[in-house]
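# Fold and contact review
Spelled out, the chains give:
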Amino acid sequence: MPQFEPILLANIATQNSHTRAVYESTGGYSALKKVLAEMQPPALIELVKSSNLRGRGGAGFPTGLKWTFLPKDHPGPIYMCINADESEPGTFNNRILMEEDPHQVIEGVILSCFATRAQTAYIYLRYEYPLSLERLQAALDECYAAGYLGKNILGSDFSLDIYLHRGAAAYICGEETGLIESLEGKRAWPRIKPPFPAVEGVFHKPTVVNNIETVACVVHIARRGADWFKSIGVPADPKNPRDPGSYGPKLYCLSGHVNKPGCYEAPLGITCRQLIDEYGGGVWKGRKGKAAIPGGISMGLLTEKEFDTPLDFAGPGKVGCLGLGTAAVVVLDETVSIVDFLHNSCRFFQHESCGQCTPCREGTRWALEMLERIKAGQGRLKDLDLLLEIGDSIGIIPGTTICGLADGAAWPIKNAIRKFRNEFEDYIKRTNPKGYAVTKAVKALPVVAAH
Amino acid sequence: MATPERILTDEMVEAIKALFPRYPTRQAVTLPALHIVNERLRYVPIPAVVEIARLLGLAPAEVQDTLSFYGFFKQDAPHGRTRAWVCRSISCALRGGEQVLDHMCHTLGVKPGETTSDGRVTLEFGECLGACDFAPCMLAGKTLYKDLTPERADQILQTFE
């Protein structure tokens, strides 16, 4: 295999990589110029479709296909919403792109809007990224000054405005329709689909919601072609029609107990172990890895024996995880208690459930209260089966809840207990050897000790 | 009847109105308007909600409904001169984030969500600040503090005005 050349992060080591001057000096906006001069929107959609680009936000839906769901010949307006609300614990790849190479992101937004004929794009940016806000706004200002944005971009008949819209610290705003509701000025309660956003999205108009890294990939597909994109990654499995392949470069976020946490670009299909050892410098303090989250906290856990799982769209699903998710790998070393991990996870989802659907609102709280009780030494062995039952009840898509948050909350529960049941049983037997029933209310406890 | 005292300054009203052309509905300006008021007053009291609603052509209940969902906006009293979010999610927790938060609670004598009695600091827990490469971390104002330890948190606290 030839040496992999980073594309999405190619500029970030350069000084002032966030400025237009640096971006243009490395070929920035050449894709936009080429597309505006040579292509019509359907051709660009076709190009992205043929690249098999799948959304990088977590669900992995084919991007070009999503664009074709927009109604044909709609009088408009059509809106583009860029999802920059990444809040999945462990995930920060969008932040790196927005802080270090905002023009790459903006060029991707412009190209995506050109393809979908959107005339207004909103970048929904999470509150916690003030530097991204500053750099994106500065980059947008530079773009308006250079004629890349506004009316009749570069002399074409294509016009576009991009606005930044700040969230207010809520995980659910990263959900496609929660984001739309929030953008409209309401509480971020996800919508029942259909209608799908492509038909009726923000302001009741056709809308595409794309992730930051996804639109960054569009730039390079426009620049280098679909064949280049498909030369990277893992091909489709001919024996499995449900595996359309995992193509292109991917930003992997590596954090937790590794020597060198960071955001690394690698071809889709790299294994978790390669990522930890070759990029992350191995597990810290010379310890052994115990488990890893393959793609954000909602994906479940890989045990150490499963570290050779390829991190492509199909890989984690083959070992009982929900999927690749955001490709944010969090490593847990051998000293971490899985009970602590699961408590942390349940606490997160309980806090971030929007409360609209009963199974999620009640289920996440119930799971958290049980974990708090177990941690406080009042767990009973039968609690484990009950937790699994909660996991199975709240996390069935489609059906019980409007959005996927409940499913995301359920997978760490199901995974941790199935893969580390002995550890839970040992903990309960050790801390509550006589199996006493609950005798007092349990207060919130600190989690995971520092090592 | 006396004219009720206005909370929103002319500058805030202008800043909010300047956003109208960006959106096809006035309601979409709700979050930006709440941010504008929250940034300047450090909270969004009920009378401000009423004024924002009037500006946007909404019922106050609609603005209040949105505000209360996010939990980000303070309403009873302004947050401290510095608002500090300490991350407690998994990557930070694995590297001691919870201990840093506990330590800061102890040092400041507050619980997460509370403000010190001198109005200097409001301490909050954050659900993943998206800076897991620098865990454990804290966002205070616009500054991200990286690779925290309890000792370093003490030093940082001293720099807050």
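## Describing the sheet that holds strand β2 (residues 120-125) of chain A
Taken in spatial order, the 4 strands of this open sheet run β3-β2-β1-β4 (chain A), and their pairing is parallel. The outermost strands of the open sheet, each flanked by one partner alone, are β3 (161-166) and β4 (207-211) of chain A. Ignoring which end each strand starts from, the neighbouring axes of this sheet average 20° apart. Here β2(A) runs beside β3(A); their pairing, made up of 6 bridges, is parallel. Across the sheet, residue A:Y122 finds its bridge partner in β3(A), namely A:Y163. Along the sheet face, helix α9 (residues 212-224) of chain A touches β1 (79-84) and β4 of chain A and points at about 90° away from the line of β4(A). Helix α2 (residues 30-41) of chain B contacts β2 and β3 of chain A of the sheet and is inclined by roughly 55° relative to β3(A).

## Topic: the interface of chain B and chain A
Taken residue by residue, the interface counts 42 residues in chain B and 60 residues in chain A. Both faces combined, the contact of chain B with chain A buries some 4,000 Å², and carbon together with sulfur accounts for 58% of it. With a shortest N-O distance of 2.6 Å, B:E98 and A:R347 are connected by a salt bridge. The tally of links from chain B across to chain A stands at 20 residue pairs in polar contact (both at pLDDT 80 or more).

## Some thoughts on a nonpolar patch on the surface
A grouping of A:F61, A:L65 and A:F69 is seen on the molecular surface, where their side chains present a nonpolar patch of about 260 Å² in accessible area. The exposure class of A:L65 is partly exposed, given its relative accessible area of 33%.

## Topic: the packing of helix α2 (residues 30-38) of chain A against α9(A)
Residue and element names in this part refer to chain A. In the contact formed by α2 and α9, the axes pass within 9 Å of each other and the chain directions differ by 60°. Between α2 and α9, the angle is such that the two are oblique. The interaxial crossing formed by α2 with α9 has left-handed handedness. Taking contact as the criterion, the partners of S30, A31, K34 and V35 in α2 are, on α9, V219, A222 and R223. In terms of residue class, the contact of α2 with α9 is made up of 4 nonpolar, 1 polar and 2 charged.

## Observations concerning unusual backbone geometry
All names here are of chain A. Backbone torsion omega between K193 and P194 reads -5°, so that peptide bond is classified as cis. For P194, the location among the structural elements is in the loop between α8 (176-183) and β4. Phi at N52 is positive, roughly 60°, even though this residue is not glycine. Following the sequence through the fold, N52 ends up in the loop between α3 (41-51) and α4 (63-68). Despite not being glycine, A327 has its phi angle at roughly 60°, a positive value. Of note, A327 is situated in the loop between β10 (302-303) and β11 (328-333). Of the residues examined, A327 reaches a relative accessible area of 0% and is grouped as buried.

## As for the pattern of salt bridges
All names here are of chain A. Using the criterion set out here, one finds 35 salt bridges over all chains in the structure. Here E181 ties to R191 by a salt bridge, and the two come within 2.5 Å at their closest N and O atoms. You can see E181 sitting in helix α8 and its partner R191 sitting in the loop between α8 and β4, a full 10 residues away along the chain. For R191, a relative accessible area of 18% corresponds to the buried category. Look at the salt bridges and you will find they share partners, linking E181, E184, K186 and R191 into a network.

Rules of the game
Residues numbered from 1 in each chain as written. Chains lettered and ligands numbered in written order. Predicted model: local features only at pLDDT ≥ 70, side-chain atom pairs only at ≥ 80, totals over all residues. Heavy atoms only, no water. Pairing = 2+ DSSP bridges. Helix = DSSP H or I, 4+ residues; strand = E, 2+ residues; numbered from the N terminus. Axes fitted to C-alpha atoms, helices over the stretch in contact; angles between N-to-C directions. Contact = heavy atoms within 4.5 Å. Buried area = accessible area lost by both parts, 1.4 Å probe. Salt bridge = Lys/Arg side-chain N within 4 Å of Asp/Glu carboxyl O. Polar contact = N/O pair within 3.5 Å; in protein donor to acceptor, adjacent residues only side chain to side chain. Patch = residues over 30% accessible without salt bridge, like charges linked within 9 Å, V, L, I, M, F, W, Y side chains within 5 Å. Areas by Shrake-Rupley, 256 points an atom, 1.4 Å probe, with all protein chains shown as cover. Buried < 20%, exposed > 50% of the residue type's maximum accessible area, 1.4 Å probe, protein only. Parallel < 35°, antiparallel > 145°, perpendicular 65-115°, else oblique. Left-handed = near helix turned anticlockwise from the far one by under 90°. Nonpolar A, V, L, I, M, F, W, Y, C, P; charged D, E, K, R; others polar.

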